[in-house]
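Tertiary structure, described
If you want the building blocks of each chain, they are given just below.
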Amino acid sequence: MKLRIQNGRLIDPSQDIDAVIDLFIDNQKIVALGDAPEGFEEADVMDAAGQWILPGLVDLAVSLREPGLTQKGSIATEGRAAVSGGVTTLVCPPNTRPIVDTPAVAALIQDKADDAGMANVFPLGALTQGLEGAQLSNMVALTEAGCIALSNHRHPMVSTKVLARALEYAATHDLLVVFHPDEPSLSEGGCAHEGLMSTIHGLAGIPEEAETIALMRDLLLVEKTGVRAHFARLSCAKSVEMMADAKASGLNVTADVALHNLLLNDQILNRFDGHYHVLPPLRSEEDRLTLIEGIKSGVITAICSDHQPHEKMAKIAPFAATEPGMANVEILLPLAMQLMDEGDVDLTTLLTCLTSGPAACFGLEAGSLSVGSFADFIVFDSTARWVWTYEGRKTKGHNSPYFGDELVGRVMQTFISGQRVYQAV
Amino acid sequence: MMRSEPRALQLNEHGQLKHFLTLDGLDKTILTEILDRADSFLSMGEQSVKKVPLLRGKTVVNLFFENSTRTRTTFELAAKRLSADVINLNIETSATSKGESLLDTLKNLEAMQSDMFIVRHSDSGAAHFIAEHCTPNVAIINAGDGRHAHPTQAMLDMLTIRRHKGGFDGLKVAIVGDILHSRVARSQLQALTTLGVSEVRLVGPKTLVPSFFADMGATICHDLEVGLKEVDVIVMLRLQKERMKGALLPSESEFYRLYGLTEETLAWAKSDAIVMHPGPINRGVEISSEVADGTHSVILNQVTNGIAVRMAVMSMAMSGQVQSQNDDESVAREGK
């Protein structure tokens with residue numbers, strides 16, 4: 001099918017384009033920008049005057065909850081939530097039930113995602129069997145079955161020796177490893193950033209050293225083993241400095257941050273509201289501002305939703321007893337755009353961190369509107385004011401502190417491989 | 001979905017208490033009102049007929065998710081002296097252990113048309129959580145939530161201080177021991193700061209006295225002699241035995257040597273200093289028997305004052321509740 005999208009403001013940081021130009025699609029792929037290719041006879045024309053045409057978003061952390069946790073979400077529901085948020089490519093963590101530690105589970109997730117016909121789904125494989133941190137998983141087989149990288153999620157390794165060996169093995173086969181830096185003996189039992197707010201409210205703290213000590217150890221092992229490494233969900237100012245130093249010393253590493261860690265700090269704990277219980281925790285204002293600086297300086301090149309849907313009861317308890325995580329993938333872009341006002345992040349940087357930035361971290365062919373790419377793109381109304389409601393949500397999750405908030409900017413349409421998979425009503 | 005702060009949640013439109021969750025955000029006027037009212041109940045306790053009808057016809061549920069015989073008993077006695085009907089529920093051994101959620105337990109109790117819950121729970125913020133999820137017609141009194149707050153304990157300590165010292169101006173107060181895990185210390189610090197003492201010192205090793213408390217208006221001392229020098233009031237906190245396991249302390253004996261209150265160390269304080277302890281005390285761990293039973297000790301006065309303070313808080317919260325319910329009804333009438 002041939003399609004021409006005309007009169008939209010096309011913004012694609014990967015090609016340094018921000019102009020009102022037309023987009024031409026043929027047979028699932030982008031065939032031209034600007035002028036129609038020779039002999040192009042469109043079957044369909046869409047007028048996007050006043051709208052932005054953006055590459056589909058790439059989200060490195062969307063929990064689909066399937067298999068095994070379907071009371072929280074499913075590939076179908078969370079896939080729908082993702083595309084309604086403009087996410088056309090997503091990476092899902094290995095902590096399903098069963099865990100993604102066999103090719104069969106990886107294949108199951110991709111088959112179900114294909115059936116759902118929603119976003120392109122790339123599972124992470126478990127670095128160790130059962131995420132137990134003791135025995136290496138069949139990393140090569142997992143990768144062959146479609147796992148884009150390997151991770152032990154936030155589960156601890158039984159020893160640094162096992163970690164070092166896992167990294168050596170992954171390096172042997174040039175596999176990407178995703179780290180969630182966390183020293184469990186320091187974070188154990190904690191539910192909030194260790195600081196004045198957790199002290200006042202009597203909440204058990206997670207010190208920043210839980211992250212930075214693990215990060216330093218991990219960086220040393222990455223340097224030694226030469227493994228390809230990505231660091232997920234950084235939350236501390238010091239972590240940004242350490243990543244900057246590592247990159248400056250020539251280490252080939254990348255990092256992402258959860259959007260809520262850029263928008264919120266631990267002051268919000270004064271409400272005792274379990275919706276703000278996330279891991280890693282919302283940290284101090286200084287940490288938040290340094291993370292934003294990390295985005296601006298390019299130390300952090302990906303912003304993810306860290307979408308973690310939960311059933312209602314998971315959040316109905318006193319703060320520490322609630323399950324951590326927020327489910328915000330549907331409003332990723334309008335929420336992220338708040339950083340332009342609050343954090344003085346420019347539009348190009350912001351969109352890079354939501355498209356080509358995360359794609360580059362994982363070597364994904366996504367997040368770009370270059371000729372020859374699959375036509376994954378969104379139509380975005382940057383001035384629309386709307387309210388995201390609990391009743392109107394697409395996710396099965398009940399856990400977002402943003403229900404009822406007025407947002408500016410709305411994904412109107414989402415296309416994957418030239419097919420419209422979502423339209424706002 | 002957005003929750004409000006506990007300090008805002010506990011007051012009605014007239015600024016009166018309708019719950020009692022924390023001292024954070026309560027002003028000097030309201031704390032003084034609690035103390036004045038408790039004073040009047042105290043003199044009542046000395047009479048042969050100890051009851052007043054302020055809570056007649058009301059049902060008070062003692063909802064203890066964590067064991068505490070003494071606190072529960074004084075709440076029960078306070079409620080009975082206000083003529084309320086009292087039910088004691090020890091939840092640890094009942095519904096929640098069968099997997100019934102906290103919320104379901106509450107809904108059941110609400111259906112029994114209770115008027116007030118006295119809540120003790122091991123999670124910080126539990127009383128606030130219950131206040132937000134119960135029908136607005138039930139008054140919630142926090143009887144200790146995790147490490148967060150124990151506001152009635154702090155107020156009975158304030159009453160004890162005022163009765164012995166006449167007021168708060170110019171007082172220096174030392175709180176000694178396991179501040180990190182203490183809801184009592186947090187509430188005391190807020191009360192003392194609001195009531196205008198000149199200095200609150202928190203005394204203990206760095207493992208038990210995090211530096212963040214300095215930002216809450218306290219002076220931090222790691223040396224007992226410095227901490228006790230010229231103070232008017234000493235509060236000793238109970239040291240839980242399991243603190244050695246978490247590597248917070250080497251041993252009970254070393255703690256006692258460095259931070260224990262004995263006749264010798266008590267001498268560093270003012271000669272008329274009073275010694276308080278929220279109890280139950282560990283003799284020979286944080287305080288010597290001689291001091292606990294000595295002339296400076298007001299530990300048993302604290303228990304007596306506890307009943308009066310709890311009567312004051314319960315009666316104030318109930319009348320604030322009734323007031324806001326009446327307001328709601330008149331709004332509803334005008335609406336029609």
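See the structure printed just above.
In what follows, the accompanying structure is described. (Residues numbered from 1 in each chain as written. Chains lettered and ligands numbered in written order. Predicted model: local features only at pLDDT ≥ 70, side-chain atom pairs only at ≥ 80, totals over all residues. Heavy atoms only, no water.)

**Overview of the overall build of chain B**
For the record, the criterion: Comment: elements are numbered from the N terminus, with helices defined as DSSP H or I runs of at least four residues and strands as E runs of at least two. This radius of gyration counts C-alpha atoms alone. The globule rule is 2.2 Å times how many residues there are, raised to the power 0.38. Only protein chains enter the area calculation, which uses a 1.4 Å probe; residues under 20% of their type maximum are buried, those over 50% are exposed, and those in between are partly exposed.
When helices and strands are tallied, chain B shows 12 helices and 9 strands. Over its C-alpha atoms chain B spans a radius of gyration of 20 Å, differing by no more than 12% from the 20 Å that the globule rule assigns to 336 residues. By its C-alpha atoms, chain B is 70 × 45 × 40 Å across when sized along the principal axes. Going through the 336 residues of chain B one by one, you find that 55% of them count as buried.

**Concerning helix α7 (residues 209-225) of chain A**
Residue and element names in this part refer to chain A. Quick reminder of the rule: Helix span is expected to be 1.5 Å times the residue number reduced by one.
When the terminal C-alpha atoms of α7 are compared, their 24 Å separation across 17 residues agrees well with the 24 Å that a helix rising 1.5 Å per residue should span. For α7, the full list of buried residues reads Ala210, Glu211, Thr212, Ala214, Leu215, Asp218, Leu219, Leu221, Val222 and Thr225. Directly after α7, the chain includes Gly226, whose backbone phi takes a positive value near 75°.

**Let's talk about unusual backbone geometry**
Of all residues except glycine, most have a negative phi; of all peptide bonds, most are trans. Residue and element names in this part refer to chain A. A cis geometry characterises the amide bond from Arg97 onward to Pro98, with omega recorded as 0°. Within the element layout of this structure, Pro98 appears in the loop between β9 (87-92) and α2 (103-116). With an omega of -10°, the peptide bond between Leu279 and Pro280 qualifies as cis. Not every positive phi belongs to a glycine, and Asp16 is a case in point at roughly 60°. You can see Asp16 is positioned in the loop between β2 (9-12) and β3 (17-20). Given a relative accessible area of 70%, Asp16 falls into the exposed group. The residue Asp344 is not glycine, and still its phi comes out positive at about 60°. If you trace the backbone, Asp344 turns up in the loop between α11 (332-342) and α12 (347-354).

**Remarks on the interface of chain A and chain B**
Defined as follows: Pairs of residues are marked as contacts when any of their non-hydrogen atoms sit within 4.5 Å. Once two parts are joined, some of their accessible surface, as seen by a 1.4 Å probe, is lost; buried area is that loss totalled over both. When a carboxyl oxygen of Asp or Glu lies within 4 Å of a side-chain nitrogen of Lys or Arg, that pair is called a salt bridge. Any N or O atom pair separated by 3.5 Å or less is treated as a polar contact, with the protein-specific requirement of one donor-capable and one acceptor-capable atom, and with residues adjacent in sequence counted only for side-chain atom pairs.
Taken residue by residue, the interface counts 26 residues in chain A and 25 residues in chain B. Interface of chain A and chain B: buried area, both sides summed, is about 2200 Å²; carbon and sulfur atoms make up 66% of it. If you look at where chain A meets chain B, you find 0 salt bridges. Here chain A is connected to chain B by 3 residue pairs in polar contact (both at pLDDT 80 or more).

**Section: the sheet that holds strand β5 (residues 29-33) of chain A**
Residue and element names in this part refer to chain A. Put simply, the rule reads: In this scheme, strands are said to pair when DSSP sees at least two bridges between them. Angles run from 0 to 180 degrees between N-to-C directions of axes, and those axes are lines fitted to C-alpha atoms, restricted for helices to the stretch in contact.
Judged by pairing direction, the sheet is mixed, and its 4 strands sit side by side in the order β5-β4-β1-β6 without closing on themselves. The two strands at the open ends of the sheet, each matched to only one other strand, are β5 and β6 (44-47). Neighbour-to-neighbour, the strand axes of the sheet open up by a mean angle of 20°, direction not taken into account. In this structure, strand β4 (residues 23-26) lies alongside β5, joined through 4 bridges in antiparallel fashion. Bridging across to β5, Ile25 finds its partner in Ile30.

**Some remarks on the side chain of Asn399 of chain A**
Residues and elements named next belong to chain A. Along the chain, Asn399 falls in the loop between β18 (377-387) and β19 (406-416). Among the residues examined, Asn399 registers a relative accessible area of 1% and is labelled buried. A polar contact is formed between the side chain of Asn399 and the backbone nitrogen of His310, at a distance of 2.7 Å. Excluding residues within four positions of it along the chain, Asn399 makes contact with His275, Gln308, Pro309, His310, Lys315, Gly325, Met326 and Ala327.

**Remarks on the packing of aromatic side chains**
All names here are of chain A. Put simply, the rule is: Classification of ring pairs rests on two measures: the distance between centres of Phe, Tyr or Trp rings, Trp counted by its six-membered ring, which must be within 6.5 Å, and the angle between planes, read as stacked under 30 degrees, edge-to-face over 60 and tilted in between. Note on criteria: charge over ring means Lys NZ or Arg CZ within 6 Å of the ring centre, with the direction from the centre no more than 35 degrees off the ring normal.
One pass over the full model with this rule turns up 7 aromatic pairs over all chains. Between Phe377 and Phe415, the aromatic rings sit 4.5 Å apart at their centres with planes inclined by 5°, giving stacked as the arrangement. Taken as a pair, Phe377 in strand β18 and Phe415 in strand β19 lie far apart in primary sequence, 38 residues in all. Given a relative accessible area of 0%, Phe377 falls into the buried group. For the ring pair Trp388 and Phe403, a centre distance of 4.5 Å and an interplane angle of 35° mean the geometry is tilted. With Trp388 in the loop between β18 and β19 and Phe403 in the loop between β18 and β19, this residue pair connects regions lying 15 residues apart in the sequence. Phe403 carries the same exposure label as Trp388, and that label is buried. An aromatic cluster of at least three residues, connected via ring pairs, comprises Trp388, Tyr390 and Phe403. Over the face of the ring belonging to Tyr390 we find Arg393, whose NZ or CZ atom lies 4.2 Å from the ring centre. Just above the ring of Trp386 sits the side chain of Arg410; from NZ or CZ to the centre is 4.3 Å.

**A look at the sheet that holds strand β3 (residues 116-121) of chain B**
Residue and element names in this part refer to chain B. Ordered by their spatial adjacency, 4 strands build an open sheet running β2-β1-β3-β4, and the pairing between neighbours is parallel. Lying at the two open borders of the sheet, with one neighbouring strand each, are β2 (85-90) and β4 (139-145). Going across the sheet, the axis of each strand differs from the next one's by a mean of 15°, ignoring polarity. Of the strands in this sheet, β1 (59-64), β2 and β3 are in contact with helix α4 (residues 102-111), which crosses β3 at around 160°.

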